[in-house]
Amino acid sequence: MHTRRLPSPYDPARLPSAAQPASVCIIGAGAAGLHAAWLLRSKGLDVSILEASGRIGGRIWTDHAFADFPVEGGAEEIHGTRSVWHAWARRSGARLVPDTLEDWYELDGRLLTARQAGRHPAVRAARAFVREAVRELRPEQPVEAFAAAAGLPPAAYPLANAWLGNEYGTDNARLSLRGIAEQEQLWRCGDESVMLADKGFLDLLLERLPVQELVQLHQPVCEIGLEPDAVWIRTESGQLHRASRAVCTVPLGVLRAGLIRFAPDLPPDKQAAIRQIGFGPGIKLMLRFRERFWPEPMASLLASGLVPEYWAASAGRGQTPVLTAFAMGAAAERISAAGAGIVLEDLDRIFGAGTASSRLEAAWLQDWGAMPYIRGAYSYPAAGGGLAAREALARPMAGRLFFAGEATSPGHQATVHGALESGYRAAEEVLRSLGA
């Protein structure tokens, strides 16, 4: 399905050098901001990073105490083997775990292996629908509307939602049919996915981008203004920072909530892009149990209830039995309102009364929509929020204010490597603006 190769490597040596000394303030200490900071500092610029929260990493959040392997509350899969992120992981010496274990399915009140499910009419219908949905660019409409028009059987809806809506960061009622086909055509990293077994995503990020000393935590930015030759940035505490250039890498949810004022106002096309690109609630619930009660070869479980997909986070990585519930869109909203207990009820329904709830040792609910300086999971294609909107969001202002983050990465949005690539692009734009 994905066939194109990644463009030229994101090598710092390929960047021009600045023709003049300058200072750069980067807003946000996620993957995009850290990458831009590291690149610009390597070119001799004076770089600082303002981070609103009390931690580094953005939507990368690794915990080493929850289990005997690094547990990820945010980004977890390395999507594709032809990306800068995969290259860094491989060179780090980390043990990479390929996605080779078996998917299981809950259908007709039974648990089925992939082979058994492959003969089920709902699975066949859902697979055919997904192939058709991404095959070509069609008029703008929600995926769910296309499913209804195509006559997708009701039993296939949860599977189609797990493979499309939930995977893209929402649900099929909100996901753009045209947008997913557009992204499919732009994807360049390959189909294979891997995970890290003995190193966390945050460990890898900071190992590769050692710029922690540049970060000022608890510095939420509330205003960014442009002057003829500089940018000023005001924080909620009243601090005023001035720099030659600034790079804004905050999540789309922060921009949409209007937490940062811009002077002058953002251009109309950028304001429209912020409204149009999809961004919404997302839940990862990590559940640690006294013992495993799911099939040993199970990689993930596609379910018909509240949670579209569960996966065995410990498979191939550790001995601690950990299941992760992954829910986006409407399902995430329900879990956010009800709490972790509603997911245990769903697991008890699937595996038998009390099976999950009686074995639970600990739970870690990461509700990304409730994070005040993130406000959602990751960007997704929504109506009108396609390639043109992402290009508008990424476009610099007045040659002094630049934008990065996964939402600005056409084709590789919603991935760590997309965020890293956007940080490289923004760093190159900054350098060129300085007469490089």
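Residues numbered from 1 in each chain as written. Predicted model: local features only at pLDDT ≥ 70, side-chain atom pairs only at ≥ 80, totals over all residues. Heavy atoms only, no water.

Section: empty space enclosed by the protein
Summary: where empty space remains is shown by rolling a probe the size of a single water molecule over the atoms.
So, point 1. With the rule as written, the count across this model stands at three cavities of 30 Å³ or more.
So, point 2. Forming the boundary of the largest cavity are 14 residues, of which Val250, Leu255, Leu393, Ala404 and Thr408 lie nearest the centre.
So, point 3. Of the residues that constitute the lining of the largest cavity, the class distribution is nine nonpolar, three polar and two charged.
So, point 4. Along its surface, the second largest cavity is lined by Gly179, Glu182, Gln183, Leu186, Pro381, Gly385, Gly386, Leu387, Arg390, Pro410, Gly411 and Gln413.
So, point 5. A per-element tally of the lining of the second largest cavity places helix α7 (residues 177–186) first, with four residues. (1 Å grid on protein atoms, 1.4 Å probe; cavity = no way out; pocket = protein on both sides within 12 Å on 5 of 7 lines; lining within 4 Å. Points joined across faces, edges and corners; volume = space filled by probe spheres on them. Nonpolar A, V, L, I, M, F, W, Y, C, P; charged D, E, K, R; others polar. Helix = DSSP H or I, 4+ residues; strand = E, 2+ residues; numbered from the N terminus.)

Section: the pattern of salt bridges
So, point 1. Within this structure, the stated rule accounts for 22 salt bridges.
So, point 2. The partner of Arg135 in a salt bridge is Glu136, with the nearest N and O atoms 2.8 Å apart.
So, point 3. Given a relative accessible area of 51%, Arg135 falls into the exposed group.
So, point 4. Several salt bridges converge on common partners, so that one network encompasses Glu132, Arg135, Glu136 and Arg138. (Salt bridge = Lys/Arg side-chain N within 4 Å of Asp/Glu carboxyl O. Buried < 20%, exposed > 50% of the residue type's maximum accessible area, 1.4 Å probe, protein only.)

Details of the packing of aromatic side chains
So, point 1. Summed over all chains, the structure comprises 13 aromatic pairs.
So, point 2. Consider the rings of Phe66 and Trp364, whose centres lie 6.4 Å apart with planes at 55°: the pair is tilted. On the criterion of sequence distance, the pair formed by Phe66 in the loop between β3 (62–63) and β4 (71–72) and Trp364 in strand β20 (residues 360–367) is long-range, its members being 298 residues apart. Note on accessibility: Phe66 and Trp364 belong to one class, buried.
So, point 3. Relative to Trp88, the ring of Trp85 has its centre 6.3 Å away and its plane inclined at 70°; by these criteria the two rings are edge-to-face. Highlighted residues: Trp85 and Trp88, both in helix α2 (residues 84–91), separated by three residues, approximately one helical turn. Note on accessibility: Trp85 and Trp88 belong to one class, buried. (Phe/Tyr/Trp six-rings, centres within 6.5 Å; stacked < 30°, edge-to-face > 60°.)

Some details on the side chain of Thr415
So, point 1. Along the chain, Thr415 turns up in the loop between β21 (401–403) and α14 (416–433).
So, point 2. Thr415 gets classed as buried once you look at its relative accessible area, which sits at 8%.
So, point 3. Polar side-chain contacts of Thr415 include one of 2.8 Å to the backbone nitrogen of Gly418.
So, point 4. Every residue in contact with Thr415, bar those within four places of it in the chain, is listed here: His79, Trp187 and Glu406. (Polar contact = N/O pair within 3.5 Å; in protein donor to acceptor, adjacent residues only side chain to side chain. Contact = heavy atoms within 4.5 Å.)

Overview of the sheet that holds strand β17 (residues 298–302)
So, point 1. On the basis of which strands lie adjacent, the open sheet formed by seven strands has the order β8-β7-β17-β18-β19-β16-β20 and mixed pairing. Two strands bound the open sheet, and with one partner strand each, they are β8 (110–113) and β20. Between one strand and the next, the sheet's axes are offset by a mean angle of 20°, whatever the strand orientation.
So, point 2. Two elements, strand β7 (residues 102–107) and β17, share four bridges in a ladder whose sense is parallel. If you follow Tyr105 over to β17, its bridge partner there is Leu302. (Pairing = 2+ DSSP bridges. Axes fitted to C-alpha atoms, helices over the stretch in contact; angles between N-to-C directions.)

Points about the pairing of β17
So, point 1. The buried count for β17 comes to five of five residues, which makes it a mostly enclosed element.
So, point 2. Examined bridge by bridge, β17 and strand β18 (residues 309–312) share three bridges and lie antiparallel to one another. Each residue of the ladder has a partner; that of Leu301, found in β18, is Tyr310.
So, point 3. Following β17, the chain reverses through six residues before pairing antiparallel with β18.

Structural notes on the pairing of β7
So, point 1. Here β7 pairs with β8 via four bridges, running antiparallel. Across the sheet, the residue bridging to Trp104 is Thr113, located in β8.
So, point 2. Linkage of β7 to β8, two consecutive antiparallel strands, is achieved through a turn of two residues, within which Asp108 is found at a positive phi near 55°.

Structural notes on helix α5 (residues 143–150)
So, point 1. Considered for burial, the residues of α5 that qualify are Val143, Phe146 and Ala147. With its buried residues spanning 105° around the axis, α5 presents them on a single face. Turned more than 90 degrees off the buried face of α5, the exposed positions are Ala148 and Ala149.
So, point 2. Buried residues belonging to α5 abut α4 (121–133), α6 (157–168) and α7.
So, point 3. Gly151 sits one or two positions beyond α5 and adopts a positive phi of about 75°. (Arc of directions from axis to C-beta.)

Here we look at the confidence of the model for the protein
So, point 1. Averaged over all residues, the pLDDT of the protein is 95; the fraction at 70 or higher stands at 98%.
So, point 2. Across residues 1–8, confidence stays below pLDDT 50; counting only partners more than four residues off in sequence or on other chains, it has 25 contacts. (pLDDT = per-residue confidence, 0-100.)

Some remarks on the packing of helix α1 (residues 31–42) against α14
So, point 1. For the pair α1 and α14, the least separation of the axes is 7 Å and the interaxial angle reads 40°. Classified by the angle their axes make, α1 and α14 are oblique. In this structure, α1 meets α14 at a crossing whose hand is right-handed. Here Ala31, Ala32, His35, Ala36, Leu39 and Leu40 of α1 come into contact with α14, specifically with Val416, Ala419, Leu420, Ser422, Gly423, Tyr424, Ala427, Val430 and Leu431.
So, point 2. Among the residues making up the contact of α1 with α14, the classes are represented as twelve nonpolar, three polar and no charged. (Parallel < 35°, antiparallel > 145°, perpendicular 65-115°, else oblique. Left-handed = near helix turned anticlockwise from the far one by under 90°.)

So, the side chain of Glu76
So, point 1. Structurally, Glu76 is set in the loop between β4 and β5 (78–79).
So, point 2. Residue class for Glu76 comes out buried when judged on its relative accessible area of 6%.
So, point 3. Within the local environment of Glu76, its side chain forms a polar contact with the side chain of Arg317, the two groups lying 2.7 Å apart.

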